[in-house]
Amino acid sequence: MTAVGIRLLATADDGFEAEFQRVLHLPAETDAAIEQRVAEIVDEVRARGDAAVLEYTARFDGLQAERVAELEIGRDEMRAALDAITPAQRAALEQAAARVRAYHERQLEACGRSWSYRDADGTLLGQKVTPLDRVGIYVPGGKAAYPSSLIMNAVPAQVAGVREIVMVVPTPVRGSVATGGDGREPGPARGERNALVLAAACVAGVTRAFTIGGAQAVAALAFGTATVPRVDKITGPGNAYVASAKRRVFGHVGIDMIAGPSEILVLADGSTPPDWVAMDLFSQAEHDELAQSILLCPDAGYIAAVRHEIDRLLPGMPRREVIRASLEGRGALIRTRSMEEACEISNRIAPEHLELSSREPQRWEPLLRHAGAIFLGAYTSESLGDYCAGPNHVLPTSGTARFSSPLGVYDFQKRSSLIEVSEAGARALGPIAAELAYGEGLQAHALAAEFRLGHDAPRGGR
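Residues numbered from 1 in each chain as written. Predicted model: local features only at pLDDT ≥ 70, side-chain atom pairs only at ≥ 80, totals over all residues. Heavy atoms only, no water.

Enquirer: Is there a simple way to explain the overall build of the protein chain in this structure?
Expert: In terms of regular secondary structure, the protein chain is built from 17 helices and 15 strands. Structurally, the protein chain occupies a C-alpha span of about 90 × 65 × 45 Å along its principal axes. Long-range contacts, defined as pairs at least 24 residues apart, comprise 72% of the intrachain contacts of the protein chain with a sequence gap of at least 6. With the model as given, the accessible surface of the protein chain reaches about 21,400 Å², and the carbon-plus-sulfur share is 51%. Here the protein chain contributes 48 positive and 59 negative side-chain charges, whose respective centroids are spaced 3 Å apart. (Helix = DSSP H or I, 4+ residues; strand = E, 2+ residues; numbered from the N terminus. Contact = heavy atoms within 4.5 Å. Areas by Shrake-Rupley, 256 points an atom, 1.4 Å probe, with all protein chains shown as cover. Lys, Arg positive; Asp, Glu negative; His and termini not counted. Charge placed at Lys NZ, Arg CZ, Asp CG, Glu CD.)

Enquirer: Please explain the pairing of strand E12 (residues 332–335) as it appears in this structure.
Expert: In the case of a regular strand, side chains alternate between the two sheet surfaces. One ladder, built from four bridges, connects strand E1 (residues 7–10) with E12; its direction is parallel. Bridge pairing in E12 places Leu8 opposite Leu333. In terms of strand pairing, strand E11 (residues 292–297) meets E12 through four bridges, oriented parallel. Directly across from Cys297, in E12, lies its bridge partner Arg335. (Pairing = 2+ DSSP bridges.)

Enquirer: Can you help me understand the nonpolar core in this one?
Expert: Nonpolar side chains in soluble globular proteins generally cluster together in the buried interior. Ranked by internal contacts, the top residues of the largest apolar core, which has 40 residues, are Leu150, Ile165, Met167 and Val206. Counting only elements with at least two residues in this core, the list comes to helix H4 (75–84), helix H5 (87–111), strand E5 (134–138), helix H6 (147–160), strand E6 (164–168) and helix H7 (195–204). Among residues more than four places away in sequence, those in contact with Met167 are Ile137, Val139, Leu150, Val197, Leu198, Ala201, Val206, Arg208, Ala209 and Phe210. By size, the runner-up hydrophobic cluster in this structure holds 34 residues, among which are Leu63, Ala217, Ala220 and Val253. (Core = buried A, V, L, I, M, F, W, Y, C linked by side-chain atoms within 4.5 Å. Buried < 20%, exposed > 50% of the residue type's maximum accessible area, 1.4 Å probe, protein only.)

Enquirer: Hey, could you run me through the sheet that holds strand E13 (residues 353–357) in this one?
Expert: One key point about sheets: their strands pair by backbone hydrogen bonds, in either a parallel or an antiparallel sense. The strand order across the open sheet built from six strands is E1-E12-E11-E10-E13-E14, with neighbouring strands paired in parallel fashion. Edge strands, defined here as strands with exactly one partner in the open sheet, are E1 and strand E14 (373–376). Geometrically, the sheet is characterised by an average inter-axis angle of 15° between neighbouring strands, direction not taken into account. Sitting on the sheet, helix H11 (residues 300–313) touches E1, strand E10 (263–268), E11 and E12, and the angle it makes with E12 is about 165°. (Axes fitted to C-alpha atoms, helices over the stretch in contact; angles between N-to-C directions.)

Function cannot be inferred from these measures alone, as they are strictly geometric.
Given below as structure tokens:
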């Protein structure tokens, strides 16, 4: 097998900046044709409900049904799947869910509680935190099964106190549009319902589930149909059609984020075995040809060693063609002048996953400002975070870690301000509010405050 043509860059070289920008450039994920098609699907589902869902499910997934109710997965089927999987699989699901739940319960303690206080005049001020009533979780299923994604979305919703968690997951017939349309993709045969996904749904507290996917599933959740309940928020990853649909229904419902291709940035000082780092780069590259894997390191010899391991290990990878396309298209091995400069470049990239593969990760971590998740030390592989470490693996991509955060309990809650003004408080606050209201030309606002100052208060004196 030929060597992988991954870019080798150095920050000290002339032309680095231009080449670096080419590495970061992301081809458009959706084009006008996708946007137009999604608009049609969303509008049809909104207008015709179940009938449109059935038509699109038959067209895109190859699943024929007379009623959407036939596409619903009952709690008994989820429980049966949990009982049927191997003991090792069940233990892995339950342990992963327990760790994710424990982490998100800490979030609830830290920021998810209501609070209030009274100031000196007896006025009560506070915040009331309440969970969303119903959320929809999209679980990809066209080409593979993702029980880990289900856990990462459902468990924090459950911890937040969401009463109803509705899962949608496509189960396309092999050879349907969702699996490539020509039978080459190894997707599920005859709409098979993946046992591990159903078992995970049982463990994670999913209350209702439907075997529908794509833009039609997003639209059904956003607007509701005779069978699929309308939700308050939709979370979970998907393809370009799902992302476009989430963007289109935002405002009718909340969404978590518009996720791009997966990313990993390894910031290394040369102390980690190079084959470990090579495999960590593979771990994101195998997701998608557009996934991005970058190594930043000041040691040229170490970069060469990692490159050697990439070439040595790639032939044994089942998804080697996807990995090669990803590394050659969007990957890079970058030699920096120092670890400090590597941290500066990392902050410019703001990666989804940032591995700080160093003898002294605590030394460099304070320099890192922008990342979806930071993995400290050689033993902390990103894959552990994907499955079972505890923090959420739904993370901001495409540089949005500059202003966005991982999915968490707070995404399934809303906050209401609490204000109870005492009589003394009204006397103290009224003149302030009235002064500002008159300044804005809003007399009714001013009078509403002045009426509460007492009978001797001026009313409309301006």
